[in-house]
Amino acid sequence: MNAWRRITEAAGRWGRRGARGEDRAGWLAAFLEEGRIGSHFQPIVEALDPTRVYGYEVLMRGRSREGELVAPLELLEAAREVGMLPRLDLHARLVALHQARLHRAVGSLFLNFSPRAVGEGRQHLEATVGLVDALGLRREDLVFEVTETDRIEDLQAFRQVLETYRQAGFRIALDDVGSGYSSLGLLDQLRPDFVKIDLGLVRNVHQDAFRGSITAKLLELASGLGITTIAEGVEHVAEWRWLRDQGADLVQGYLFGRPTTPPASVGPGAVSFLGTETEPAARLDLKG
Ligand code: G
Ligand code: MN
């Protein structure tokens, strides 16, 4: 059974138990109160030299009382259901900052920012700024990834929230570009510092001419606007080479590293395929 099946099944067991035993809000609150929300860090590396880590995307993970991983989706869905999304979002963010500091994660930290969780925008920003400063992290090293933008009900209000983040010194990434969740119009609306090309475009980009053409144009467009490009979900050496040759600045994906805690560095050993023409199958067997 693969890791994801195990996580999903464990989450399902807990979801059902939670729904039967405690109420759903109580089930979720226990994760926060018992310190069972953690952060995993996935490296984002330079396309031209993947041994150089630019930073990490931080991904939320829950843990059951038995120590099994609980998928973030399960937690987020429960939070949405019981109106605790802003609280979970802020909690996960503060945990991420603490963990990043504790493990001395190098470079930039990419944090997912759900438009639906911005309820108390000002309060979240103040808490974030306070902790970033208290921990001695650099504000410009924090990048907020915006996704699911199709569900933004009030784009004007959301833009204003983002503007306050920018004014505080943080940076903005437009996530999942090229997926159904993102549109080109948002490039103009949000004017992000980074765009992340969705893994749906990245998969087999070197073999699919249609996909390749879209991706090449997106990279060219973003670069022309002075936006740093990140290709995500890179799993194969050929995808990476193609993306590098087409001018992607940064790359992220299982080829370079899974989300882990503590954050892993990407040494020459981890990218043993560099300079070789074949891709060691072992890379693809790594457990997350
Ligand atoms: O929407 P967003 O880009 O934030 O999603 C990140 C998700 O993609 C995480 O759950 C992460 O584990 C997953 N992910 C990261 N790298 C890869 C990859 O190389 N392949 C696949 N299939 N998923 C990936
Ligand atoms: Mn993301």
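Figured I'd write up the structure that's included with this text.

Further remarks concern the site of ligand 1. As a structural note, the neighbourhood of ligand 1 is formed by 15 residues, with Gln42, Glu57, Glu232, Glu235 and Tyr254 the closest of them. Measuring from a nitrogen atom of ligand 1, one finds a side-chain N or O atom of glutamine 42 at 3.0 Å. The contact in question runs from an oxygen atom of ligand 1 to an N or O atom on the side chain of aspartate 176, over 3.2 Å. Protein burial of ligand 1: of its 530 Å² of free accessible surface, 72% is covered by the chains. Within the residue set of the shell around ligand 1, elements represented by two or more residues are β2 (53–63) and β6 (171–177). Of the residues contributing to the shell around ligand 1, the split by class is five nonpolar, four polar and six charged.

Take the pairing of β2 next. Here strand β1 (residues 37–46) runs beside β2; their pairing, made up of nine bridges, is antiparallel. Looking across to β2, one finds that glutamine 42 is bridged to glutamate 57. In the sheet, β2 pairs with strand β4 (residues 108–113) via four bridges, with the strands oriented parallel. Along β4, the bridge assignment pairs glycine 55 with serine 108.

As enumerated under the stated definition, the model contains twelve aromatic pairs in all. When the centroid spacing of 6.3 Å and the interplanar angle of 50° are considered together, the rings of tyrosine 54 and phenylalanine 110 count as tilted. With tyrosine 54 in strand β2 and phenylalanine 110 in strand β4, this pair connects stretches of sequence that are 56 residues apart. A relative accessible area of 0% means that phenylalanine 110 is categorised as buried. With a centroid separation of 5.4 Å and an interplanar angle of 70°, the aromatic rings of phenylalanine 144 and phenylalanine 170 are classed as edge-to-face.

Now for the environment of isoleucine 230. With respect to the helices and strands, isoleucine 230 occurs in strand β8 (residues 228–231). The exposure class assigned to isoleucine 230 is buried, which follows from its relative accessible area of 0%. Apart from residues no more than four positions distant in its own chain, isoleucine 230 is found in contact with Ile44, Phe110, Phe194, Val195, Lys196, Ile197, Leu250 and Gln252.

Bringing the packing of helix α2 (residues 24–33) against helix α4 (residues 85–102) into the picture now. Contact geometry for α2 and α4: axes closest at 11 Å, N-to-C directions at 20°. Accordingly, the angle class assigned to the pair α2 and α4 is roughly parallel. The two elements α2 and α4 meet at a crossing, and its hand is left-handed. Along the contact surface, α2 presents Ala29, Leu32 and Glu33, while α4 presents Arg87, Leu88 and His91. Residue composition of the contact of α2 with α4, grouped by class: three nonpolar, one polar and two charged.

Before going further, it helps to spend a moment on the coordination of the manganese ion (ligand 2). Within the protein, Glu57 (OE), Asn112 (OD1), Glu145 (OE) and Asp175 (OD) serve as the donor atoms for the manganese ion (ligand 2), at 2.0 to 2.5 Å. In the primary structure, the donors to the manganese ion (ligand 2) are separated according to the pattern E-x54-N-x32-E-x29-D. Of the two residues, glutamate 57 is situated in strand β2 and aspartate 175 in strand β6; the sequence distance between them amounts to 118 residues.

A few words on the nonpolar core. Counting 55 residues, the largest nonpolar core has Phe170, Val234 and Phe256 as the members making the most contacts within it. No other element matches helix α5 (residues 121–135), which puts five residues into this core. The residues contacting phenylalanine 170, other than those within four sequence positions of it, are Leu125, Thr128, Val129, Val132, Arg139, Leu142, Phe144 and Tyr165. Counting residues in each nonpolar core, the second largest holds 16 residues, with Trp27, Ala29, Phe31 and Leu32 among its members.

Basis of the calculations
Residues numbered from 1 in each chain as written. Chains lettered and ligands numbered in written order. Predicted model: local features only at pLDDT ≥ 70, side-chain atom pairs only at ≥ 80, totals over all residues. Heavy atoms only, no water. Near = heavy atom within 4 Å. Polar contact = N/O pair within 3.5 Å; in protein donor to acceptor, adjacent residues only side chain to side chain. Areas by Shrake-Rupley, 256 points an atom, 1.4 Å probe, with all protein chains shown as cover. Helix = DSSP H or I, 4+ residues; strand = E, 2+ residues; numbered from the N terminus. Nonpolar A, V, L, I, M, F, W, Y, C, P; charged D, E, K, R; others polar. Pairing = 2+ DSSP bridges. Phe/Tyr/Trp six-rings, centres within 6.5 Å; stacked < 30°, edge-to-face > 60°. Buried < 20%, exposed > 50% of the residue type's maximum accessible area, 1.4 Å probe, protein only. Contact = heavy atoms within 4.5 Å. Axes fitted to C-alpha atoms, helices over the stretch in contact; angles between N-to-C directions. Parallel < 35°, antiparallel > 145°, perpendicular 65-115°, else oblique. Left-handed = near helix turned anticlockwise from the far one by under 90°. Donors = N, O, S within 2.8 Å, 3.2 Å for Na, K, Ca; no water. Core = buried A, V, L, I, M, F, W, Y, C linked by side-chain atoms within 4.5 Å.

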